[in-house]
Every structure is written in C-alpha cells, then in structure tokens.
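Here is what each chain is made of, one letter per residue.
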Amino acid sequence: QLTTLELHSNFPRYYFELYSAFSCMTMPINALFPDDKSQIHSLCLGSGRFLRSVLVPALIAAGATINDGNGLANNGNGNGNGNGNNFNPVILQTRGRTFMDYCHHRRSESRKKAKAAAETTTEAGECSDFLNYSYEVDTVQHDGRTITDIIPCFGAGSFGTVESKACIMDELLPHLQILRLIGVGVTEAGLSSCHTKAMTDLYDVLNKLRELQGEGEGQRQDGSGSGWICDNPNGKICVVNTDNVPLNGTKLKEFMLQLAAENVNDNDNMTMTQFLTNKVTFHNTMVDRITSQRPGSNGLVPRAEPTPLKALVIEDLEGDLPPSLVMQKDEGLGLGVVVRKKAGQLDADIALKLRVANGTHTAIAHVMALCGLLMTDALSNPKGEGGDCDNHDGDDKISAKLMYYLDSLFQHQILKAAENLDDTTTTATTSDVQAVYDDWRRRLIHAHFGLSTFFITQNGAAKGGIRIGPIIVDLVTKGEDVTCSTTFALAAILRFLTPAEPVRGSGNDGIYRGWLNKTKRTCTSTGAENKDCGSDSGKTVEYADGLAYNIQRGWYEFRCACEVAAPDKSKDESQPLQILLGSFSTTMQSCDYEGIIRAYLLKSDGGGVILSRNQPSDEGEIRCDCQSC
C-alpha cells in the first residue's frame, strides 16, 4: 500500500525485509547447501533422532578447534579447512522435507536477530553462507534441568522428491573435495531389505561418488587434479550406521553388493563391486542413548538423557576411521564415542546391551503398562529405594517393588547367564556385566526423563526373543535354573498380547484390544458401560501409530506379527500368537496354556529359545519348577 515516494524514502528499511524474505528462496526450496561445498566432509543419510543427538555432535566435536560459545566449530563461522579433523556434516532427509524446513526457519530467525544487532549485509555472496544452519538437542539432567545444545550442520537436503534428490546428486556431490564419512540414520524398516528407498538412495549416492572419482569440478587441496578424495588412514569412506540392528554394517554392505549385482555396467572402469570393496568400509556399530522428542516439536527436536558412557560404539578392526574420531575418548570430550579395534569387543557390548539394558527395559515396560503406569520415570521415587517391597501402597512402594523385581532378574538370571561369557567371538567378565547394569540402572531411574511404557511394548513378542531368549539359552547351557523373575517377564509379555475377547479371523486391521490389570475383562469391549464398569469414557491417548490406550476405561490396543505352530498338531498351518492366546475366554489351569507358550518359546522369531550345543532338541521339554517358584 506504499506510494512510490514512500517506498523510496524508506528504501533501506524495506529492502532488508524484502531481501530476507525472497533473495535466498527458490520456489520451492529443494536444498540448503553452502556456496562453497568443498567445506563439507561428511554426509548423513537420514535425520533420525539418534543420528542427530549422537553422531552429528561427535563429528562436530571431533573437528572443533575453536568454539565461540554458539556451538560453531573451527574458525567460528563453520567453514572447515580440510585439515584432517573436520567433518562439517550435511544432513539429507530420506523422506519429506520437515528437517530442511526446520533448518531454513531457524536460519531465517537468526538473520532477523543479526539484523537487530546491526550485523546484516547485502552482498550477494552472503545468501548461502550467512549464518550457519543448526538444530537443537535437549538434554535432561538428573537434577531436572534441561540444557539445550545448538548443533551446527553445514546444509540440509532431501531425497523426498525428484527435484530435491537431483540437488544432492547434481549440485552437492560433484563439488565435494574431501569425503571422510557417511552416517546412516534410518528406521529399522529402512534396513529390512536392499530395495527400500533408504537403501536405494544410499546406493545411488555411492554409485555417484564412484563415477565422480576424477570428474569433480573442485580442485583437491594438494593440487593433484579434480574429483573428491578420502584422506582417511586407508583411503576408505567410513559408513557409520546409527540404528540398533545387529551387524548393521555387515547388513549394509550385503545390501549394497546385492544392488551392485543387480545393476552391472560392463563399461565402468571400476565396477561398483570393486568400489564398495576397495573404497568404502561399512562399520558395525551400537548406539545407546535414550532419546525421545521435545513436546510439540513434531519430532524435530530430540530430547535425550545425559550422554551414556557408550553412546556410540564403532567397530574398526582395520583402522579405517579418521584419527580425530578415534581419539575423542582420549581427549576427554565426553561424547560417549568408543572405538573397538579387536574382534569380539563389539559383540560383547551388543550382547550385554541386549541382555542387561534392553532385556530389563522390555521386562519392566510390559508390567508397568499392564498396571497403568505410563512413564518409566515412575521407577525413580527415592523413598522406594531399598524399602520393604511387601504389602505397602503408594507410588514409592510401587517403585521399590518394581526395582526389586529388576534387581532380582539381573542378579539371579542375567548376571549368571552373561558372566564369563566365552563364545568364540564374545568375551565378558562379571565386572563388565555388573558395570553395564550399574550404569543402566542409574539411567533407568532418572526422575526427570521417562519414556512411554506402552511405546516400549511395541513388537513385544519379537523383543522377548531377541532380549530375553538369549538369557534362557545361556542359563540352560550353563546348567543354571530359570527362576521366577525370567518366567514372570515372559508371562507379562504374553499377558499383554492377549486380547480381551476371543478373536477369530484377522482382527481389525491387525489391531487388538487388551485389558489392564485389575480391570474386568468384559469391560474393555466397545460400548461396555454398566454399574460394574462405570460410565466415564475417560481420555483416549494415542501412544504409537494407530495404537491407543484409555486408562480410565482399562483398555489398550496392540499389534503382534508373531505366528506360531498351533498346539493342535493335526493342523499344519501357523496361527497368530494373539489369536491363540485370545482363544481362552475364561481363566484356565496353567497346563492349558503350556502348548501355546511352548510354541512361542521355541519359535526362532518368537521367544527365540533355540537350544543348540547338544542341548535338548525341539522335541525335548523346557520346564520351570513351578512349586519352587
């Protein structure tokens, strides 16, 4: 609504606001990369919370030589110098563009603050490099304080559309000069096969890098020609995965080789298979930091516990990792990065994490959820520590009983199963096992940082096999007793997966309804309202995609993908575990459940109690002395 005269008289003021709004924008924005892309030395495929709260901060710290208090590494403006220490990561979202939009918004806000501080500029070249992109990570301290770290990143992009992927392939990769590391942070579903979008995107990036050897436009810093180089000790790009899939590096390499075999091009000077073997190394890793999200952030701001001792464990048997990343622990940066250089060390870390941390987490979450305890921070009440666990009410006594149960599970089962573990590739001493539990227990009773117990129960049937099954196998192998605490842990999982009503057919889109402890089973059905059930509908809360609970009404929803052999051996086909469990409409004698429980325990992708090493076969019996229990 301004006249020409008014616009000209106020030109400086209006110019900056127009410039800020439009000069850096493409409609739509397909990538946020700096003009000088040669400063980027690492790529992060995926924008998962683990990757952003564990790997990226470690990469930034590894290259930091100056920190001005704003989280900006090196010379204070984020421009790396390629001195062998910097990683300067760019984060590439696999689907969608939420992270890219978030970074753009944060930088726009930073520009406004800079304008207010009279630090603005109108030079054309400042559009891409004026102020770094960054994101936030909340860390909840044990005293209740929340510390927000500002983590710089050196660009953001997306594989979500054809146009945004083209920006990565054609505008970013050809301009790289030194590439040291590729981080991978996708969901477990993304690692389910070689043909998922995340895996094909990773393959496309690696294949493009193969093509760009000697064809890039940027001069190498040593002046020896064009194209990217890798200055790691053995000249191999390090691929580091941040998902807790067993042998994730080995799996990634298998997927890439499989895709290479499906996309053979005889005209290539170096085949993709040769490139993957000679120029890339895929590290097996373990990530261990409990991470949720800031309320209301739509997953864009990780909310995490303080960094554990082993937040990121990387296996580096051949010495391929950049020295600055290997030396982090020795330099006292406190970012929980541990590098394992001997065979079997990472296997021991993973085995202990599965048995100690994950096993107790799964065991306690199902019990707490069935009792209507929604968050794990209910375990933290200090009054309950070491108290009398019998015949007392109140939250403090409940937490004491639950921790007594977990301590018993560890001391009498997990410790005995895991101590002196001496498989061909895994070694762990009693002190190793105890140290892992002591660290985990401290994290678990964090009074100000809890996770949803119902959220943890997802995939409970599979988790029971992956996390508790090995404990049973080790106990039986060593001739130790399987006691009540282990039995109760499995019973709680199966109880959680029992529908409130007998189920026939496939259920409602694979979603079933269970009932909470001390709730009448018949009161959980839709429309069940009478004087015994009450009339208050309560609040229905969604705890996962398509799954909800209503504590007042006493019900929750769950999914279960486990199929087991029907106890009736006249039927050859497998049946869903939850349908078999739900076939009991009234309280039965324990022996009536034995066939179903046994079928679950002996299923390789169920309870996982596969006894080898000359132990009883599938036709043998696995028994617990119920009288002594």
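Q: Explain the overall build of the chain here, please?
A: Counting secondary structure elements, the chain contains 18 helices and 21 strands. Residue burial in the chain is summarised as follows: out of 629 residues, 49% are buried. Within the chain, counting contacts between residues at least 6 apart in sequence, those at least 24 apart form 71% of the total.

Q: Help me out: how do you make sense of the packing of helix α11 (residues 345–370) against helix α16 (residues 484–496) in this one?
A: Helices that pack against each other are described as a pair by the angle of their axes relative to one another and the distance between those axes. Contact geometry for α11 and α16: axes closest at 9 Å, N-to-C directions at 50 degrees. As summarised for this structure, α11 and α16 are arranged oblique, according to the angle between their axes. Remark: the crossing between α11 and α16 carries left-handed chirality. Of the residues in α16, those touching α11 at Thr362, Ala363, His366, Val367, Ala369 and Leu370 are Phe488, Ala489, Ala492, Ile493, Arg495 and Phe496. Looking at the contact of α11 with α16, its residues break down into 9 nonpolar, 2 polar and 1 charged.

Q: What is the right way to look at the packing of helix α15 (residues 460–477) against α16 in this model?
A: With their axes 10 Å apart at the nearest point, α15 and α16 run at an angle of 170 degrees to one another. When the axes of α15 and α16 are compared, the pair comes out roughly antiparallel. Across the interface between the two elements, Gly460, Ala461, Gly464, Ile468 and Ile472 from α15 touch Thr486, Ala489, Leu490 and Ile493 from α16. Classifying every residue of the contact of α15 with α16 by side-chain character gives 6 nonpolar, 3 polar and no charged.

Q: Help me out: how do you make sense of unusual backbone geometry in this one?
A: Trans is the common state for peptide bonds, and a negative phi is the common state for residues other than glycine. At Asn298, a position not held by glycine, the phi torsion is positive, near 60 degrees. Mapped onto the elements of the fold, Asn298 is located in the loop between β10 (291–293) and β11 (302–304). Judged by its relative accessible area of 64%, Asn298 is exposed. Located in the positive-phi region is Asn459, a residue other than glycine, with phi close to 60 degrees. On the basis of relative accessible area, Asn459 is assigned to the exposed category, the value being 56%.

Q: Teacher, can you tell me more about the environment of Phe282 here?
A: With respect to the element layout, Phe282 can be found in strand β8 (residues 280–283). For the pair Phe282 and Asn248, spaced 34 residues apart in sequence, the C-alpha to C-alpha distance is 8.4 Å. Sequence-distant contacts of Phe282, that is, excluding residues within four places in its chain, are made with Leu206, Val239, Gly249, Leu252, Lys253, Met256 and Leu276.

Q: So what exactly am I meant to see when it comes to the pattern of salt bridges here?
A: Proximity of charged atoms lets side chains of opposite charge pair with each other. A complete count under the given rule lists 17 salt bridges for this structure. Close ionic contact of Asp143 with Arg145 constitutes a salt bridge, the shortest N to O distance being 2.8 Å.

Q: Help me out: how do you make sense of the confidence of the model for the chain in this one?
A: Do not read the predicted coordinates in detail wherever pLDDT is low. Across the chain, pLDDT averages 80, with 73% of residues at or above 70. No element of the chain has a lower mean pLDDT than helix α5 (residues 126–129), at 40, and none a higher one than β8, at 98. Counted against residues more than four places away or in other chains, residues 13–27, with its pLDDT under 50, gives 19 contacts. The model gives residues 65–82 a pLDDT under 50, and that stretch makes 38 contacts with residues more than four places away or in other chains.

Q: Would you explain the sheet that holds strand β16 (residues 512–515) in this entry?
A: Sheets are built from strands that pair by backbone hydrogen bonding, the pairs being arranged parallel or antiparallel. The sheet built from 4 strands is open, its strands ordered β16-β19-β18-β17 with antiparallel pairing. The open sheet has two edge strands with one neighbour each: β16 and β17 (541–544). Taking the axes of each pair of neighbouring strands and ignoring which way they run, one obtains an average angle of 30 degrees across the sheet. Sheet topology places β16 next to strand β19 (residues 555–558); 4 bridges connect them, and they run antiparallel.

Q: Please explain the nonpolar core as it appears in this structure.
A: Within the largest apolar cluster, 78 residues are counted, with the highest numbers of intra-cluster contacts made by Leu43, Leu172, Leu173, Leu206, Leu209 and Met256. Setting aside residues up to four positions removed in sequence, Met256 forms contacts with Met199, Leu202, Tyr203, Leu206, Leu276 and Phe282. Counting 67 residues, the second-largest nonpolar core is a separate cluster that includes Val356, Phe454, Ile471 and Ala489.

What counts, and where the lines are drawn
- Residues numbered from 1 in each chain as written.
- Predicted model: local features only at pLDDT ≥ 70, side-chain atom pairs only at ≥ 80, totals over all residues.
- Heavy atoms only, no water.
- Helix = DSSP H or I, 4+ residues; strand = E, 2+ residues; numbered from the N terminus.
- Buried < 20%, exposed > 50% of the residue type's maximum accessible area, 1.4 Å probe, protein only.
- Contact = heavy atoms within 4.5 Å.
- Axes fitted to C-alpha atoms, helices over the stretch in contact; angles between N-to-C directions.
- Parallel < 35°, antiparallel > 145°, perpendicular 65-115°, else oblique.
- Left-handed = near helix turned anticlockwise from the far one by under 90°.
- Nonpolar A, V, L, I, M, F, W, Y, C, P; charged D, E, K, R; others polar.
- Salt bridge = Lys/Arg side-chain N within 4 Å of Asp/Glu carboxyl O.
- pLDDT = per-residue confidence, 0-100.
- Pairing = 2+ DSSP bridges.
- Core = buried A, V, L, I, M, F, W, Y, C linked by side-chain atoms within 4.5 Å.

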